[in-house]
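One letter stands for each residue in the lines below.
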6 protein chains.
Amino acid sequence: MSDIISQYRISTAPYYRPVADEVELFQAAYSVRMPMMLKGPTGCGKTRFVEYMAYTLGKPLITVACNEDMTASDLVGRFLLDAQGTRWQDGPLAIAARYGALCYLDEVVEARQDTTVVIHPLTDNRRVLPLEKKGELIKAHSDFQLVISYNPGYQSLMKDLKQSTKQRFGALDFNYPAHEVETEIIAHETRVTVEVASKLVSIAERARNLKGHGLDEGISTRMLIYAGSLIVAGVDAKNACRVALVRPITDDPDMRDALDAAVMTFF
Amino acid sequence: MSDIISQYRISTAPYYRPVADEVELFQAAYSVRMPMMLKGPTGCGKTRFVEYMAYTLGKPLITVACNEDMTASDLVGRFLLDAQGTRWQDGPLAIAARYGALCYLDEVVEARQDTTVVIHPLTDNRRVLPLEKKGELIKAHSDFQLVISYNPGYQSLMKDLKQSTKQRFGALDFNYPAHEVETEIIAHETRVTVEVASKLVSIAERARNLKGHGLDEGISTRMLIYAGSLIVAGVDAKNACRVALVRPITDDPDMRDALDAAVMTFF
Amino acid sequence: MSDIISQYRISTAPYYRPVADEVELFQAAYSVRMPMMLKGPTGCGKTRFVEYMAYTLGKPLITVACNEDMTASDLVGRFLLDAQGTRWQDGPLAIAARYGALCYLDEVVEARQDTTVVIHPLTDNRRVLPLEKKGELIKAHSDFQLVISYNPGYQSLMKDLKQSTKQRFGALDFNYPAHEVETEIIAHETRVTVEVASKLVSIAERARNLKGHGLDEGISTRMLIYAGSLIVAGVDAKNACRVALVRPITDDPDMRDALDAAVMTFF
Amino acid sequence: MSDIISQYRISTAPYYRPVADEVELFQAAYSVRMPMMLKGPTGCGKTRFVEYMAYTLGKPLITVACNEDMTASDLVGRFLLDAQGTRWQDGPLAIAARYGALCYLDEVVEARQDTTVVIHPLTDNRRVLPLEKKGELIKAHSDFQLVISYNPGYQSLMKDLKQSTKQRFGALDFNYPAHEVETEIIAHETRVTVEVASKLVSIAERARNLKGHGLDEGISTRMLIYAGSLIVAGVDAKNACRVALVRPITDDPDMRDALDAAVMTFF
Amino acid sequence: MSDIISQYRISTAPYYRPVADEVELFQAAYSVRMPMMLKGPTGCGKTRFVEYMAYTLGKPLITVACNEDMTASDLVGRFLLDAQGTRWQDGPLAIAARYGALCYLDEVVEARQDTTVVIHPLTDNRRVLPLEKKGELIKAHSDFQLVISYNPGYQSLMKDLKQSTKQRFGALDFNYPAHEVETEIIAHETRVTVEVASKLVSIAERARNLKGHGLDEGISTRMLIYAGSLIVAGVDAKNACRVALVRPITDDPDMRDALDAAVMTFF
Amino acid sequence: MSDIISQYRISTAPYYRPVADEVELFQAAYSVRMPMMLKGPTGCGKTRFVEYMAYTLGKPLITVACNEDMTASDLVGRFLLDAQGTRWQDGPLAIAARYGALCYLDEVVEARQDTTVVIHPLTDNRRVLPLEKKGELIKAHSDFQLVISYNPGYQSLMKDLKQSTKQRFGALDFNYPAHEVETEIIAHETRVTVEVASKLVSIAERARNLKGHGLDEGISTRMLIYAGSLIVAGVDAKNACRVALVRPITDDPDMRDALDAAVMTFF
């Protein structure tokens, strides 16, 4: 049993650079086991933050990337056929509730409604998870906490969390870090110089200003780390930016010109 | 058999603060085993009320959070494969009917029609549940009662209970409690002072006035309890309100400003 | 085998108050085994009538509440996995055809087309039910008769019985009973006085006049029985009417006022 | 093996009253094993005609009522799980092809496309049925013939046979019989007098003139037989017509008045 | 193993009357194993051509009639449950690739996209078929060739082959044969006189001119063979044409009149 | 275990003619294990490029042709039923991650969302693949790299990669090669003379100019190789071009004339 959960422990401290008071607020929320919702754009560090908090709190972390074909059974568990007949296998949410892990549902709005409704009894004062197919009622371990992520600018009109789900979570806003903080992150993660890292951040800032004016999303911190890694691997900075920053996010010739021009300005 | 049902007994009295004559009306309805429908907005205490009534009546309570992917089999039961072949497993509705529990179908309108039609024979004078796949006809235990919840402001045009379902239930209206009652609830549940609890309720009342004017739902009692818990955990009241009351329910900048202003007025 | 069917026998005479010549017409139809369709609004007594006829004719009755997720297999039967391999299990329609019961498909229009087509060979002169998956052709027992119900005011444009299905049935119209008859029914079923019963019927008649003018359906006989039961259980008549007659069928404030006014007129 | 097919033999001559040269044309078509399509409205005798031809030709008849949830496997066959593992079970089309029966697919346009495409190799000069899941290629028995029915006035725009399917069949048109012929049929089938039968046919003719002017379909021969049966069972002729002819096909008050007037004219 | 494939060998030469250089072009395409697409209307001889080429080349032929419910597993294969557990069974495409047959996917555009994508690795220089569920990579036998058919006038806007699929095939156009050639085919296949055959072809030509002017498709060669067969079976020529040529393809009275007039002109 | 992966090794060097610095950029990306996205039209050499890179890097290559019916289980793996019960079978992505192969998801945008979300944890710094159904967390082998292809001009409005997916990949653009390079490729692959190869490329260039003016896609390099192969097999050049270049991509008479004219210009 402890083997199942131990593989979800984080053994080395993840690098995370706090931006505001998000660490303290999350700790307070955890102290009262309030379910938390992390809001913010793609690639700004939400997943890393959860890893950091799990490490800091000393709890295992089970991450589930949600998608529209995920069913409640994928979260809760299912019966498998065995030599002795059927055998129950806990899903990631049941494991987290049973053994006391943080359970992080990434992009939960992508999931079907049954997946979101299944978390309701875990997010009010009952803190239970009914395994209806098994006829068992898991009372959540005292260490258990539920965390979900949510990208507000991203949801279509057709897909949004139900109010009755939203109201079950406290919420923290995330965004791209300030220039100096993001530079520090890029330099730390890729080993480029601070000067190069700062240039990369400047390019990203130009792209982020184009969000909603031809770009669906700006260039994320994660993409800057990719570009920096290519530079460290010996690729010319301009080429590295084209491969890692420009070409992946747009096929529109005008947008590509605008982004290429931003690259040329700094390199 | 008694083990199956005993896990659904409520051992300690749930805290419930009656608002009007809802307790007496529910008791009368139970005395003639009239199926009941609880109407009201998210987080105003319907679930807690059912727990309280189950405890008061001394009956076990089986709660099912309904969702659009739930099938009739999830309620009624199914055959599982065993070492000896297939074995029938009662679903939560069959357990409740067989052993005499209150069965509470939360947000029943979310379920598919087959789930709502399956309850019809349990809600007229027949009081039976046909397990068609098993070829068994459960005659409901004399203690059995069906309770459903329903959020009238919430249903889309596409999703509503059929008239032939609605007519099978008596109905009780729920709403957010009066100021003093809600203050008492918050103070009792979180251990904040009555003064702080009253301020939280005042913020909620402002938000509830915005319902339909930019907000889909107001701030619920449950959210106030979250905010109070964070305050008791040492979080600054303004921050606690932002994390627990404002950020979860809206991403609209104007709405956020309006709600933040309400928070600043009281804290 | 006889055990399977005996649980569907009706041991005590159901209370049914004939309105016109529906009993004689049904008996004649049964004498030539004409499949019958009962038309009428929700809760006006169609189900009770079928129970009464089954009791009067001395035949078992198998009732199936149809829904849009019901498949032909749910009616006809399916293979189950057993310790010895697969085993066929008759569905309710196959049981009725094989052992000679009345089979009552309630709200058949809700079912998917495969469910309605499956009854065709049972409703013409062949009177057979092909179990295609099993490779068996059941010749219907001479006692077998098919009865379906249908709510004409209720069907959406998208959902209607096919003409080739309708033409296979004789039809009887049902409606709410006349004032005196309905009063007699309420008094008999709930033990309220005739005076109270008559008032309840008067309230219902007002609501039925609002059908199509803000109400989808009027107040049914079944709802009046609920209200009467609450009154007998000691609930104040006005409260009983609100819980059992008004709140279940509408959330519209104006409609609620109109119905509450009707209640105040009589109590 | 011969047991499987023998249950589909028709032991007594079905009553069929030829209208034109349809019997001779079908015999010629059968002599060259041309697949045949029977076109005509609901209840005009297509099914009876196929039964009559199967009896006359001395071949077994396998009838399948098609529906939109029927899959190719329902026609062709499937693997079933057995004590020794999986076992193949021929579907009705495979049985007919293997042992040499007439296979009658009633209302084939209701079926999904895979069901109609599966018959293609049986309807050209190959006359084979590939059981792809079993890896077997059935060469059709020399007695095998495929017959389908089709109601031209009935198909929606969304549902029609593909041209590549239609072109694989010869076609015979069917319609309601002439007055004298239909009178003869009603009298023969129900034992009412020729006078009463003629009146019933006259009522039907009036209704058929209303087709497309408020009625989707006219009154069919089958319905007249129902009405006649009720009269023979002792029901008053007017009541018999209302139950068997008028109420089943329309709920429109004006249409009901028009049809009731037709009934009153003749009875 | 050789048994599986031998049942797909064509033992007697199919009758095929070449129209242009399609035989030589196909042989050249086969010599370099170029996948081929046969384009043309329903019933003009595409299937017969493939049979003729398979016979001429001395290769087995596996034909699959595609449909919109066919899955990739229907082509590639699946696991079946056995007394010893699961057993893999090759689908028709896997059999053809493994043992070296021509695989003919008839009306491939009807299939779902997964069915068309599954053929991609077989149609470029890799010539492999990955059995992903089995973890096997079939390298196609050197005799294997893929042939698909396609009816250009027939595809709806919603259903077309993807360009990335089309580009993997060489293409041959087919159409109805010239008058003399088609006459020769009809006479050969049905044993009617050349004079009668020529008249049938003339009727077909008139109908083909109505294509797009009230008829979706013209009268095909296959239908003429049906008509000729009925005439040889003793049916009057006019009746044979009505049953085999006119009634199957249209229910429009004007179209029927136009086609009947064409029949009367020649017979 | 090594057997599973060894069948994916490429034993002979694939022919690939570099166009720009794409080989060096891919090598740098592989050195930091950056997931890569190859963008470009159908048949321009993306698949060949990946094969070449896998051979050059000395790593096995697992290619998956994506489609809209592919599920996450098709990539990740599933339980199979065995004589001893269920047995886990790795899918192609799990094999690649576990044993260290390049995994190439061809036309990934065709897949359902669950298929694209499942690759997220493999494409950030975690480099893990959670097998949720098995309860195992695969840490990717250090040799593992993910490559996807994407045709920008081809995606419909309804189908596009999510930004949160795109941002996880570096991107390389591909297009048809320059005239001399493409001529060299055609000559090398088909053994036609350089003169003939150059004419074929000229025809393709004309067709590519028609893209968006009546043609959805131009003539690809792959199609030119087909045409060259037919010429080498003895087919007249004009016929070879018609069969391999013109007829497959359009049925529009004007387009066919334009393309035929281009063929006549050069041959």
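Residues numbered from 1 in each chain as written. Chains lettered and ligands numbered in written order. Predicted model: local features only at pLDDT ≥ 70, side-chain atom pairs only at ≥ 80, totals over all residues. Heavy atoms only, no water.

Chain A appears in an unreviewed UniProt entry as Denitrification regulatory protein NirQ from Ferrovum myxofaciens. Quoted verbatim from the Sequence similarities (unreviewed entry) heading of the UniProt record, the comment on chain A is "Belongs to the CbbQ/NirQ/NorQ/GpvN family." (UniProt positions renumbered as here; feature names shortened; annotations may be inferred.)

Caption draft 1: Structural detail: the overall build of chain A. Broken down by element type, chain A carries 12 helices and 9 strands. Judged by the C-alpha coordinates and their principal axes, chain A covers about 65 × 40 × 40 Å. Sequence separation of 24 or more characterises 72% of the internal contacts of chain A that already satisfy a separation of 6 or more. Of the roughly 9,800 Å² that chain A leaves accessible, carbon and sulfur atoms contribute 51%. With 30 positive and 34 negative side-chain charges, chain A shows a spacing of 5 Å between the two charge centroids. (Helix = DSSP H or I, 4+ residues; strand = E, 2+ residues; numbered from the N terminus. Contact = heavy atoms within 4.5 Å. Areas by Shrake-Rupley, 256 points an atom, 1.4 Å probe, with all protein chains shown as cover. Lys, Arg positive; Asp, Glu negative; His and termini not counted. Charge placed at Lys NZ, Arg CZ, Asp CG, Glu CD.)

Caption draft 2: How the structure looks around the interface of chain E and chain D. Each partner contributes residues to the interface: chain E has 45 residues there, and chain D has 43 residues. Buried area between chain E and chain D, summed over both chains or domains, comes out near 3,700 Å², and the portion from carbon and sulfur atoms is 51%. For E:R256, the salt bridge identified is with D:D173, shortest N-O distance 2.4 Å. Applying the counting rule to chain E against chain D returns 10 residue pairs in polar contact (both at pLDDT 80 or more). Of all the secondary structure elements, the ones that give two or more residues to the side of chain E that touches chain D are helix 3 (46-57), strand 2 (61-65), strand 3 (77-82), helix 10 (221-232) and helix 11 (237-246) of chain E. (Buried area = accessible area lost by both parts, 1.4 Å probe. Salt bridge = Lys/Arg side-chain N within 4 Å of Asp/Glu carboxyl O. Polar contact = N/O pair within 3.5 Å; in protein donor to acceptor, adjacent residues only side chain to side chain.)

Caption draft 3: Seen up close, the packing of aromatic side chains. Counted according to the given criterion, the structure contains 24 aromatic pairs over all chains. When the centroid spacing of 5.4 Å and the interplanar angle of 55° are considered together, the rings of B:Y16 and B:F49 count as tilted. Taken together, the positions of B:Y16 in the loop between helix 1 (2-6) and helix 2 (22-31) and B:F49 in helix 3 (residues 46-57) put the pair 33 residues apart, joining distant regions of the chain. B:F49 carries the same exposure label as B:Y16, and that label is buried. Joined through ring pairs, the aromatic side chains of A:Y16, A:F26, A:F49, A:Y52 and A:F174 make up one cluster. (Phe/Tyr/Trp six-rings, centres within 6.5 Å; stacked < 30°, edge-to-face > 60°. Buried < 20%, exposed > 50% of the residue type's maximum accessible area, 1.4 Å probe, protein only.)

Caption draft 4: Just the arrangement of the chains, in detail. The closest approach of any C-alpha atom in chain A to one in chain E is 11 Å; the two make no contact. The smallest C-alpha distance separating chain C from chain E is 11 Å, and no contact links them.

Caption draft 5: Main features of the relation of the copies chain B and chain A. Overlay of chain B on chain A (RMSD 0.0 Å): rotation 60°, translation along the axis 0.1 Å. This pairing of chains is accounted for by a six-fold axis. When the interface residues of chain B are mapped onto chain A, a mere 2% of them again lie at the interface, so each copy presents a different face. (Least-squares fit on C-alpha atoms with pLDDT ≥ 70 in both.)

Caption draft 6: Highlighting the relation of the copies chain E and chain D. Rotating chain E by 60° and moving it 0.0 Å along the rotation axis overlays it on chain D with an RMSD of 0.0 Å. The two copies present different faces, since only 2% of the interface residues in chain E are matched by interface residues at the equivalent positions in chain D.

Caption draft 7: Spotlight on the interface of chain B and chain A. The interface is formed by 44 residues belonging to chain B together with 43 residues belonging to chain A. Carbon and sulfur atoms supply 51% of the area buried between chain B and chain A, which totals about 3,700 Å² over both sides. Where chain B packs against chain A, one counts 3 salt bridges. Linking chain B with chain A are 10 residue pairs in polar contact (both at pLDDT 80 or more). Elements with a minimum of two residues in the side of chain B that touches chain A: helix 3, strand 2 (61-65), strand 3 (77-82), helix 10 (221-232) and helix 11 (237-246) of chain B. Counting residues per element, the side of chain B that touches chain A draws most heavily on helix 10 of chain B, which supplies 5 residues. In the side of chain B that touches chain A, the residues fall into 17 nonpolar, 11 polar and 16 charged. (Nonpolar A, V, L, I, M, F, W, Y, C, P; charged D, E, K, R; others polar.)

Caption draft 8: Molecular detail of the sheet that holds strand 8 (residues 145-150) of chain B. Residue and element names in this part refer to chain B. The strand order 2-5-8-1-9 describes an open sheet built from 5 strands, whose pairing is parallel. The open sheet has two edge strands, strand 2 and strand 9 (170-173), and neither has a second partner. On average, each strand axis in the sheet is inclined to that of its neighbour by 20°, with strand direction left out of account. In terms of strand pairing, strand 1 (residues 36-39) meets strand 8 through 4 bridges, oriented parallel. Looking at the pairing, M37 lines up with I148 of strand 8. Together, strand 2, strand 5 (102-106) and strand 8 form the strand contacts of helix 5 (residues 92-99), whose direction differs from that of strand 2 by roughly 160°. (Pairing = 2+ DSSP bridges. Axes fitted to C-alpha atoms, helices over the stretch in contact; angles between N-to-C directions.)

Caption draft 9: Local environment of the sheet that holds strand 5 (residues 102-106) of chain F. Residue and element names in this part refer to chain F. The 5 strands are arranged 2-5-8-1-9 in an open sheet whose pairing can be described as parallel. Looking at which strands have only one partner, the edges of the open sheet turn out to be strand 2 (61-65) and strand 9 (170-173). Adjacent strand axes in the sheet meet at a mean angle of 20°, parallel and antiparallel pairs treated alike. Those strands touched by helix 3 (residues 46-57) are strand 1 (36-39), strand 2, strand 5, strand 8 (145-150) and strand 9, and its axis lies near 175° from that of strand 5. Across the face of the sheet, helix 5 (residues 92-99) comes into contact with strand 2, strand 5 and strand 8 while running at roughly 160° to strand 2.

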